[in-house]
Amino acid sequence: MPGNRTPLKKFMDYLLYICFIFVVLLVANGIFYFIGGLIGLKNSPYRIAVPFGITFIIIAFFGGYMGWWW
């Protein structure tokens, strides 16, 4: 029943959401890493930093928009 949400079930839902977000971030970082290679960052030390920076900016914007950090 929808009304019988025990704390354990809620925790498992949150854990599932966190795992899903982690997978999405890994895929997004892979895509940004590939794009970084295409724009000329092949041997640059920033090739790793750029995808994580872009991902962090997206998370910060989305988190702020959703009110997580307000």
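Quick summary incoming for the structure in this document. Bear in mind the structure is a predicted one, so any value in this text is a computation, not a measurement.

Moving on: the overall build of the protein chain. Helix and strand counts for the protein chain come out as 2 helices and 0 strands. In terms of overall dimensions, the protein chain is more spread out than a globule: its C-alpha atoms have a radius of gyration of 17 Å, far above the 11 Å expected for 70 residues. Expressed along its principal axes, the backbone C-alpha trace of the protein chain runs to roughly 55 × 25 × 15 Å. The buried share of the protein chain, taken over its 70 residues, is 13%.

Note on placement: threonine 55 falls in helix α2 (residues 46-66). If we ignore the near neighbours within four places in the chain, the residues touching threonine 55 are Leu25, Asn29 and Phe32.

The next point concerns α2. The end-to-end C-alpha distance of α2 is 29 Å, a good match for the 30 Å that 21 residues give at a rise of 1.5 Å each. Here α2 has its buried residues at Arg47, Pro51, Thr55, Gly63 and Gly64. In this structure, the buried side of α2 is in contact with α1 (7-38). Downstream of α2 by one or two residues, glycine 67 has phi in the positive range, about 85°.

For asparagine 29, the position within the fold is in helix α1. Looking at asparagine 29, its side chain comes within polar contact range of the side chain of threonine 55, at 2.7 Å. Here asparagine 29 is in contact with Pro51, Phe52 and Thr55, once residues within four sequence places are set aside.

Rules used in this analysis
For every chain, the first residue of the written sequence is number 1, and numbering continues from 1 onward in sequence order. Where totals are concerned, whole chains, interfaces and linings use all residues; where local detail is concerned, this predicted model gives features only for residues with pLDDT of at least 70, and gives and counts side-chain atom pairs only at 80 or more. To get the side-chain values, take all heavy atoms of the structure and skip hydrogens and water. The numbering of helices and of strands both runs from the N terminus, where a helix is a DSSP run of H or I of at least 4 residues and a strand a run of E of at least 2. Our radius of gyration is a C-alpha quantity, and the globule rule it is checked against amounts to 2.2 Å times the number of residues to the power 0.38. In this scheme, a residue with accessible area under 20% of its type's maximum is buried, one over 50% is exposed, and one in between is partly exposed, where area comes from a 1.4 Å probe on protein chains only. The contact criterion used is simple: two residues touch if any of their non-hydrogen atoms lie within 4.5 Å. To estimate the expected span of a helix, subtract one from its residue number and multiply by 1.5 Å. Whenever two N or O atoms come within 3.5 Å, that pair is a polar contact, provided that in protein one can donate a hydrogen and the other can accept it, and provided that, for residues adjacent in sequence, both atoms are side-chain atoms.

Note that all results are geometric; they support no functional claim without further evidence.
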